Amino acid sequence: ETGVTQTPRHLVMGMTNKKSLKCEQHLGHNAMYWYKQSAKKPLELMFVYNFKEQTENNSVPSRFSPECPNSSHLFLHLHTLQPEDSALYLCASSGLAVQETQYFGPGTRLLVL
Amino acid sequence: AQSVAQPEDQVNVAEGNPLTVKCTYSVSGNPYLFWYVQYPNRGLQFLLKYITGDNLVKGSYGFEAEFNKSQTSFHLKKPSALVSDSALYFCAVRPGRDTGRRALTFGSGTRLQVQP
């Protein structure tokens, strides 16, 4: 449960605010992920980082800006979001081999007003 | 492109009875298959995965899943349900060969309700 931590756990922001979500993993992994979980929809991959390099961007709007300063930390910078961006944002990490399990953090529940 | 179908939005079962949560998949080549569980206001917890070998995979909390290649299914099972098993269950798939993509493709989730 504490292998992947996320802060804050809850966030309320206005459409003109700038905020950041933080994720930290203590599992020695080299791949990190951001997923979005909206009500009534499957989990959507947003970004993937391997060894701090972004390897996947799933057509995410530029108002979401990821940053991965090292293999243990991942940020998601938020700017001028829309109400439809309200969701649970989940961070995950894994080893690099294709059969590796992804381990998830508890998520940040975001509400955009 | 790969896809996962969880045909039941909700499964209701009485405590002590066996449970099954269904999952079918579509992926090119051999799949890697995963089950996760999500409790309210929590992230996803890993339950079990199929990579290769024995078609019956055993995981956490007494759960198991059976890989059926001919039916492209990976149903989650437990012989005796507990009220504490009530949660949202997700099936996920990734191609077994390395495509360079790390992402999992998830199903829409099945809510399991275990009645006392």
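Residues numbered from 1 in each chain as written. Chains lettered and ligands numbered in written order. Predicted model: local features only at pLDDT ≥ 70, side-chain atom pairs only at ≥ 80, totals over all residues. Heavy atoms only, no water.

Engineer: Describe in detail the overall build of chain A, supporting the description with residues and values.
Structural biologist: Looking only at helices and strands, one finds 0 helices and 11 strands in chain A. Order of helices (α) and strands (β) in chain A, N terminus to C terminus: β-β-β-β-β-β-β-β-β-β-β. A buried classification covers 49% of the 113 residues belonging to chain A. At a minimum sequence separation of 6, the contacts of chain A that also span at least 24 residues come to 53%. Per element, the accessible surface of chain A, about 5,200 Å² overall, is 51% carbon and sulfur. One way to put it: in chain A the 10 positive side-chain charges average out to a point 9 Å from where the 9 negative ones average out. (Helix = DSSP H or I, 4+ residues; strand = E, 2+ residues; numbered from the N terminus. Buried < 20%, exposed > 50% of the residue type's maximum accessible area, 1.4 Å probe, protein only. Contact = heavy atoms within 4.5 Å. Areas by Shrake-Rupley, 256 points an atom, 1.4 Å probe, with all protein chains shown as cover. Lys, Arg positive; Asp, Glu negative; His and termini not counted. Charge placed at Lys NZ, Arg CZ, Asp CG, Glu CD.)

Engineer: Explain unusual backbone geometry to me, using residue names and the numbers behind them.
Structural biologist: All names here are of chain A. Of note, the amide linkage connecting T7 to P8 takes the cis form, showing an omega dihedral of -10 degrees. Structurally, P8 is set in the loop between strand 1 (4-7) and strand 2 (10-13). In the Ramachandran plot, K52 falls in the positive-phi region, its phi being about 75 degrees despite a non-glycine side chain. Of note, K52 is situated in the loop between strand 5 (44-50) and strand 6 (53-57).

Engineer: Run through the confidence of the model for chain A, naming residues and quoting values.
Structural biologist: Residues with a pLDDT of 70 or more make up 99% of chain A, whose mean pLDDT is 92. When mean pLDDT is taken per element in chain A, strand 3 (residues 18-25) of chain A scores highest with 97 and strand 6 of chain A scores lowest with 84. (pLDDT = per-residue confidence, 0-100.)

Engineer: Which residues make up empty space enclosed by the protein, and what are the values?
Structural biologist: Tallied over the full model, the rule gives 1 cavity of 30 Å³ or more. There is about 60 Å³ of room inside the largest cavity. Considering the residues around the largest cavity, the lining is formed by R9(A), H10(A), L88(A), P106(A), G107(A), T108(A), R109(A), N41(B) and R42(B). The residue inventory of the lining of the largest cavity, partitioned by class, reads 2 nonpolar, 4 polar and 3 charged. (1 Å grid on protein atoms, 1.4 Å probe; cavity = no way out; pocket = protein on both sides within 12 Å on 5 of 7 lines; lining within 4 Å. Points joined across faces, edges and corners; volume = space filled by probe spheres on them. Nonpolar A, V, L, I, M, F, W, Y, C, P; charged D, E, K, R; others polar.)

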